[in-house]
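The chain contents come next:
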Amino acid sequence: MNNIPSMPQLGIYVSKIDPTLRITVTDVDIVDDSPDDKLFYLVHWIEGADESDMSAMEFELDPVEWQAFVESEQLVFERDPYMDSTPENSNLAKIRDLLMKSKQNDRS
């Protein structure tokens, strides 16, 4: 059984502990070459809700680090700014979900 938590959604997360803490998950990379054949991904995120802020420092966390961060800050998904903008982004999210399900089924 895979003990890695599910992948986060792209978009804005807000802390329940400190509502001024807002982060934006900008990308989630699925890594295929995990040595133990478990699903592995890297979460890329920035502080704030403006992905176009070129001065924002980007962070990268593995699944365990991401889950610990979510739990310690009590992060909750607020919204996906991409879904509000264009149908193409909505389709991209659906394709990403299908790929993840397929990968999980292949490893079972």
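Scroll up for the structure.
Below, the structure is looked at part by part.

Scoring rules and cut-offs
Residues numbered from 1 in each chain as written. Predicted model: local features only at pLDDT ≥ 70, side-chain atom pairs only at ≥ 80, totals over all residues. Heavy atoms only, no water. Buried < 20%, exposed > 50% of the residue type's maximum accessible area, 1.4 Å probe, protein only. Helix = DSSP H or I, 4+ residues; strand = E, 2+ residues; numbered from the N terminus. Arc of directions from axis to C-beta. Contact = heavy atoms within 4.5 Å. Polar contact = N/O pair within 3.5 Å; in protein donor to acceptor, adjacent residues only side chain to side chain.

Within helix H1 (residues 63–73) the residues assigned to the buried category are Pro63, Trp66, Phe69 and Val70. Seen along its axis, H1 keeps its buried residues to an arc of 125°; they face one direction. Exposed positions of H1 whose direction lies more than 90 degrees from the buried face are Val64 and Glu71. If you follow the buried residues of H1, they end up packed against strand S1 (11–15), strand S2 (22–31), strand S3 (40–47), strand S4 (58–61) and strand S5 (75–79). Where H1 starts, the residue carrying a side-chain oxygen 3.0 Å from the main-chain nitrogen of Val64 turns out to be Asp62. Looking one or two places after H1, you find Gln74, whose phi comes out positive at around 50°.

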